[in-house]
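# Inside the fold
Residue-level listing of the chains:
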Amino acid sequence: MGIREFPSGAPRGKSIAVGMRRSPDVSPRRLSDISPQLRQLKYLVVDEAIKEDLKWSRSVEDLTSGPVGLTSIEERILRITGYYGYQPWAASCKREERPRDSPGPAEAQAPAGVETGGRASRRCWTCSRAQLKKIFWGVAVVLCVCSSWAGSTQLAKLTFRKFDAPFTLTWFATTWNFLFFPLYYVGHVCKSTEKQSVKQRYRECCRFFGDNGLTLKVFFTKAAPFGVLWTLTNYLYLHAIKKINTTDVSVLFCCNKAFVFLLSWIVLRDRFMGVRIVAAILAIAGIVMMTYADGFHSHSVIGIALVVASASMSALYKVLFKLLLGSAKFGEAALFLSILGVFNILFITCIPIILYFTKVEYWSSFDDIPWGNLCGFSVLLLTFNIVLNFGIAVTYPTLMSLGIVLSVPVNAVIDHYTSQIVFNGVRVIAIIIIGLGFLLLLLPEEWDVWLIKLLTRLKVRKKEEPAEGAADLSSGPQSKNRRARPSFAR
């Protein structure tokens, strides 16, 4: 493996010698002589600093070697293993071939390596801090969603003992939706660097409805249907609280996640996922078992039917919103929810009045109305919707959904001490099945790919551990006699 020349047909004076620098104290060897050591290379990991030096030195070697810049594979392996005593991190190896004003590889790479390592460590630290911050906010959002949803459910149950008017309570709580856009604008003024007036911000958010903004036609075609679905969802949920206990109501309402998947699969042609089909089957099985838990009494069957209808209206609301309007930004979502509150004031107000005069929902005097309970329920429901719609800005959507399912054990504990609920085996199994189906629906679409990658990585690590141990034992005596070789570390 000495000097190679072009064939005799090549012009004289243009023969190119391509070789490698040999250390005077190390004799060259052939590739066959070091085959046992080559088999150990795959178990060795090069230090990061040396790896960078090797990359630099190989690129310089290829560039300075003339037109025939690619050395043979045998020479490259000998150079990497160090049998030629090749030391790319020593400045003396390349000092004669480089101009004086150019720094050596050691001088150039050491600061870069330090800077790269510092940047990488700072980036990892920043990423870990950002993730920890998101998880911290996620825990806060989960607690807020769980407490507001469970608190509004329990407060509604308490309100019906003095004020038996579920539709009036629905109308009163939905009216508070008009506060969404004002609250959003306050946050915009406090946080945004480019502050806009209310009129400018309103016009910008109205582009969500189309080029013409919020017209009368758009109001009745794209806002009014969702106002009806919003009112039906809340009314059916509150009416079910009158019939059955809050634990059953909260756990059955978790089935809306399965209904959203089924409707999205049928209407929106979303991706088919077997695990979500299993979750939908578990939700349906849980509904049946929950009905069987009380012995198919008419009172409980009506209450369960009302909750399932409420979950269905909620799923239809979400799927139609995605179909007709798509995805909305924070300001657009706030404006849309405020429009629902305005629609409720303008067009739904007549229904509680009719129910009052027909004595379907009647109260003797306005002094008998528990205004504290009504306002408390409305504030809790408004807080729940604000956190659920805008919590994605500070944390992961999956963590927010966990707050809904965690409200089930909270309601169960409260019902255990405040009502005569019986947690028999069928009810407990139904709660567990519905909760499991809800958690399966929270899995991302690529969960199977992530699981396969994780299992593969674990298998590779288990195979490498005994091989690395054997490699360390075999390479121990040799490493003492090779001071000129690159240092390898695990």
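Residues numbered from 1 in each chain as written. Predicted model: local features only at pLDDT ≥ 70, side-chain atom pairs only at ≥ 80, totals over all residues. Heavy atoms only, no water.

Attention now goes to the overall build of the protein chain. A tally of helices and strands in the protein chain yields 18 helices and zero strands. Residues classed as buried in the protein chain amount to 40% of the 490 residues present. Of the contacts made within the protein chain by residues no fewer than 6 positions apart, 82% connect residues no fewer than 24 positions apart. As displayed, the protein chain offers around 28300 Å² of accessible surface, 64% of which is attributable to carbon and sulfur atoms. (Helix = DSSP H or I, 4+ residues; strand = E, 2+ residues; numbered from the N terminus. Buried < 20%, exposed > 50% of the residue type's maximum accessible area, 1.4 Å probe, protein only. Contact = heavy atoms within 4.5 Å. Areas by Shrake-Rupley, 256 points an atom, 1.4 Å probe, with all protein chains shown as cover.)

The contact between helix α6 (residues 180-191) and helix α7 (residues 198-206) brings their axes to 11 Å, and the two run at 115 degrees. Compared by their axis directions, α6 and α7 come out roughly perpendicular. Viewed along their axes, α6 and α7 form a crossing whose handedness is right-handed. Along the contact surface, α6 presents Phe181, Tyr184, Tyr185 and His188, while α7 presents Val198, Arg201, Tyr202 and Cys205. (Axes fitted to C-alpha atoms, helices over the stretch in contact; angles between N-to-C directions. Parallel < 35°, antiparallel > 145°, perpendicular 65-115°, else oblique. Left-handed = near helix turned anticlockwise from the far one by under 90°.)

Looking at the secondary structure, you find Arg201 in helix α7. According to the relative accessible area criterion, Arg201 is buried, its value standing at 15%. Residue contacts for Arg201: discarding those within four places in its chain leaves Phe181, Tyr184, Tyr185, His188 and Gln196.

Put simply, helix α9 (residues 246-253) and helix α17 (residues 425-441) touch, their axes get as near as 9 Å, and they point 30 degrees apart. Taken together, the axis directions place α9 and α17 in an arrangement best described as roughly parallel. For the pair α9 and α17, the crossing hand works out as left-handed. The residues of α17 that touch α9, namely those facing Thr247, Asp248, Val251 and Leu252, are Arg427, Ile431 and Ile434. Partitioning the contact of α9 with α17 into residue classes produces four nonpolar, one polar and two charged. (Nonpolar A, V, L, I, M, F, W, Y, C, P; charged D, E, K, R; others polar.)

On to the nonpolar core, then. Counting 58 residues, the largest nonpolar core has Leu252 and Phe377 as the members making the most contacts within it. Residue contacts for Leu252: discarding those within four places in its chain leaves Ile287, Met290, Ile304, Val307, Ala311 and Ile434. In terms of nonpolar packing, the next biggest core, distinct from the first, is built from 30 residues, Phe181, Tyr184, Phe219 and Leu340 among them. (Core = buried A, V, L, I, M, F, W, Y, C linked by side-chain atoms within 4.5 Å.)

One pass over the structure, following the stated rule, counts three salt bridges. Taking the shortest distance from any N to any O, the salt bridge between Asp164 and Lys242 comes out at 2.6 Å. Of this pair, Asp164 sits in the loop between α4 (105-159) and α5 (166-175) while Lys242 sits in helix α8 (residues 216-243), and the two are 78 residues apart along the sequence. Given the relative accessible area of 31%, Lys242 is considered partly exposed. In this structure, Asp248 engages Arg427 in a salt bridge whose closest nitrogen and oxygen atoms are separated by 3.1 Å. Highlighted residues: Asp248 in helix α9 and Arg427 in helix α17, separated in sequence by 179 residues. Residues Asp248 and Arg427 agree in their burial class; the two are buried. (Salt bridge = Lys/Arg side-chain N within 4 Å of Asp/Glu carboxyl O.)

Let's shift gears to α17. Taking 1.5 Å per residue as the helical rise, α17 with its 17 residues ought to reach 24 Å, and the 25 Å between its terminal C-alpha atoms agrees with that figure. When we look at burial in α17, the residues that qualify are Arg427, Ala430, Ile431, Ile433, Ile434, Gly435, Gly437, Phe438, Leu440 and Leu441. Those residues of α17 hidden inside the fold are in contact with α9, α10 (256-267), α11 (274-293) and α16 (397-418). (Expected span 1.5 Å × (residues − 1).)

Before going further, it helps to spend a moment on α8. Compared with the 40 Å implied by 1.5 Å per residue over 28 residues, the 39 Å span of α8 between its first and last C-alpha is a close match. In α8, a bend of some 40 degrees at Ala223 exceeds every other bend along the element, and Pro225, a proline, comes one to four places later. (Bend = angle between axes of the 7 residues up to and from the residue.)

Attention now moves to the packing of aromatic side chains. Applying the stated criterion to the full structure yields 31 aromatic pairs. Site record: aromatic cluster; members linked through ring pairs are Phe208, Phe209, Phe226, Trp230, Tyr317, Phe321 and Phe336. A cation over an aromatic ring shows up here: Lys359 above the ring of Tyr362, its NZ or CZ 5.4 Å from the ring centre. (Phe/Tyr/Trp six-rings, centres within 6.5 Å; stacked < 30°, edge-to-face > 60°. Lys NZ or Arg CZ within 6 Å of the ring centre and 35° of its normal.)

Taken together, the side chains of Phe178, Leu216, Phe220, Val342, Ile345, Leu346 and Phe347 define a hydrophobic patch exposed on the protein surface, amounting to about 650 Å² of accessible area. Looking at the nonpolar patch element by element, the count peaks at four residues for helix α13 (residues 330-348). As for its position among the elements, Phe220 is in helix α8. Phe220 gets classed as partly exposed once you look at its relative accessible area, which sits at 40%. (Patch = residues over 30% accessible without salt bridge, like charges linked within 9 Å, V, L, I, M, F, W, Y side chains within 5 Å.)

With that settled, the discussion passes to the side chain of Asp248. Judged by relative accessible area, which is 2%, Asp248 ranks as buried. When neighbours within four sequence positions are excluded, Asp248 is seen to be in contact with Met290, Asp294 and Arg427.

Let us look at unusual backbone geometry. A positive phi angle is found at Arg269, which is not glycine, with a value near 60 degrees. Structurally, the position occupied by Arg269 is in the loop between α10 and α11. In this structure Arg269 comes out as exposed when scored by relative accessible area, which is 70%. The backbone of Lys359 sits at a positive phi, close to 60 degrees, despite the residue not being glycine. Among the structural elements, Lys359 can be located in the loop between α14 (350-357) and α15 (371-390).

Bringing the environment of Gly341 into the picture now. Within the secondary structure, Gly341 sits in helix α13. On the basis of relative accessibility, which here comes to 0%, the residue Gly341 falls in the buried class. A C-alpha to C-alpha distance of 5.9 Å links Gly341 and Thr174, two positions 167 residues apart in sequence.

In short, the description is geometric, and any link to function would need to be established separately.
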